[in-house]
Amino acid sequence: TAPFAVSTSYSKGWVGRYHAVDSDLKTVDINPSIAYRVNDNLSIGGGVSAQYVDATLSQALFNPLSPTRDGYAEVTADGWGFGYNLGATYEFDPDTRVGFSYRSRIKHSVDGDRTISDYIPGRNGEVGAKAKVTLPDWLALAAYRRITDQWAVMGSVRWTNWSVFKELKLDFADGTQSVTEENWEDSWSFNIGVSYDYN
C-alpha cells in the first residue's frame, strides 16, 4: 500500500519560494500479516511493516551578489523504516460487525543529497544530506450492518497522530543544517457508505 503521499508545487517566482518550491513525499508499505479466528465472534490479526520513503524538497535561495536572480537548492533522499499493525473484528451476528485497527508510527532515517545551483561561487554543487522523519501512528474504528438481504450500511472514524511531526531537520555533509518548524495538528476522518447487492 501507499499510506502517505503528499505533493505541492509552486512556480520558482512565487512569494514563498525561499521556504519551498516543490515538496514531494511518497511511501510504499510492504506489510505481511496473519489473522486468527478466536471463536465464532472474534477475529484478531497483526502484521509488520517495511516502509520505503522517497522525498524531494526544493527552495529558492536569496543571492546577495545578484538580488534579482535567486539560487536554487534541491534535496532528494530516501530510506526504510519499520513498524507494526494490529486489528480485531467482532461479529455480533452474521449481519453486524465492528472492527478496530492500529498502525504504529514509523521512524525513518533517510539519506540523500542536496544540490545547489545558480548561487554564490563556492556554494554551488552537491553534498550529502541526512534527516530523521517520524510518520504518524493511527487508530481506526469501523462498523457494518446489513439491513435487508440487499442493503447494508457502514461507517468508520480514524484518528491520525500528526502532532508527532514537530520539525523537519536536515543535516548536510558540509556541517550546515536546515531546521523548519512544522508543529502539525492531529487529524480525524469520518466515512459513511451504503452497499446494494443487485442479485
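Keep in mind it's a predicted model, so treat the numbers as computed, not measured.

A. Representation of the pairing of strand E10 (residues 151–160) in the model. One ladder, built from nine bridges, connects strand E9 (residues 138–146) with E10; its direction is antiparallel. Looking across to E10, one finds that Arg145 is bridged to Val153. If you look at the hairpin formed by E9 and E10, you'll find four residues sitting between the two strands. Inspection of the sheet shows E10 paired to strand E13 (residues 187–196) by ten bridges, in the antiparallel sense. By the bridge assignment, Met154 is partnered in E13 with Gly193.

B. Structural view of empty space enclosed by the protein. Considering all chains together, one arrives at one cavity of 30 Å³ or more under this definition. In this structure, the largest cavity occupies an estimated 30 Å³ of space. If you go around the largest cavity, the residues you meet are Pro3, Phe4, Gln51, Arg103, Ser104, Arg105, Ile106, Leu135 and Pro136.

C. Focus on the layout of surface pockets. Computed from the structure, the largest pocket encloses a volume of approximately 970 Å³. The wall of the largest pocket is formed by 43 residues, among which Ser23, Thr56, Leu57, Leu168 and Glu182 lie closest to the centre. Listed by contribution, the elements that provide at least two residues to the lining of the largest pocket are strand E1 (5–9), strand E2 (22–30), strand E4 (42–61), strand E5 (71–93), strand E7 (106–117), strand E8 (125–135), strand E11 (167–172) and strand E12 (177–181). No other element matches the seven residues that E4 contributes to the lining of the largest pocket.

D. The environment of Gly47, seen in detail. Of note, Gly47 is situated in strand E4. Distance from Gly47 to Arg103, taken between C-alpha atoms, is 9.3 Å for residues 56 residues apart in sequence. Ignoring any residue separated from it by four or fewer positions in sequence, one finds Gly47 in contact with Asn31, Pro32, Ser33, Tyr84 and Asn85.

E. Region of the structure containing the environment of Asp137. Turning to its location among the elements, Asp137 is positioned in the loop between E8 and E9. Overall, the relative accessible area of 6% leaves Asp137 in the buried class. Placed 47 residues apart in sequence, Asp137 and Trp184 show a C-alpha to C-alpha distance of 14 Å. For Asp137, the residues in contact, after removing those within four places along its chain, are Tyr102, Arg103, Ser104, Arg105, Trp159, Thr160 and Asn161.

F. Unusual backbone geometry, seen in detail. For Asp118, which is not glycine, the phi torsion reads 55 degrees and is therefore positive. Here Asp118 is to be found in the loop between E7 and E8. Look at Asp118 and you get partly exposed, because its relative accessible area is 42%. At Asn183, a position not held by glycine, the phi torsion is positive, near 50 degrees. Structurally, Asn183 can be placed in the loop between E12 and E13.

G. Highlighting the nonpolar core. Residues Val75, Val110, Leu170 and Phe172 are the most contacted members of the largest nonpolar core, which totals 14 residues. For this core, the secondary-structure elements that each account for two or more residues are E5, E8 and E11. Discounting chain neighbours no more than four positions away, the residues touching Leu170 are Leu57, Val75, Lys130, Ala131, Thr176, Gln177 and Ser178.

H. Inspection of the pattern of salt bridges at higher detail. With the rule as written, the count across this model stands at ten salt bridges. A salt bridge links Asp137 to Arg105, with the shortest nitrogen-to-oxygen separation between them at 3.7 Å. Of this pair, Asp137 sits in the loop between E8 and E9 while Arg105 is found in the loop between strand E6 (96–103) and E7, placing the two residues 32 residues apart along the sequence. Salt bridges here are not isolated pairs; linked through shared partners, they connect Asp24, Lys26 and Asp54.

Basis of the calculations
Residues numbered from 1 in each chain as written. Predicted model: local features only at pLDDT ≥ 70, side-chain atom pairs only at ≥ 80, totals over all residues. Heavy atoms only, no water. Pairing = 2+ DSSP bridges. Helix = DSSP H or I, 4+ residues; strand = E, 2+ residues; numbered from the N terminus. 1 Å grid on protein atoms, 1.4 Å probe; cavity = no way out; pocket = protein on both sides within 12 Å on 5 of 7 lines; lining within 4 Å. Points joined across faces, edges and corners; volume = space filled by probe spheres on them. Contact = heavy atoms within 4.5 Å. Buried < 20%, exposed > 50% of the residue type's maximum accessible area, 1.4 Å probe, protein only. Core = buried A, V, L, I, M, F, W, Y, C linked by side-chain atoms within 4.5 Å. Salt bridge = Lys/Arg side-chain N within 4 Å of Asp/Glu carboxyl O.

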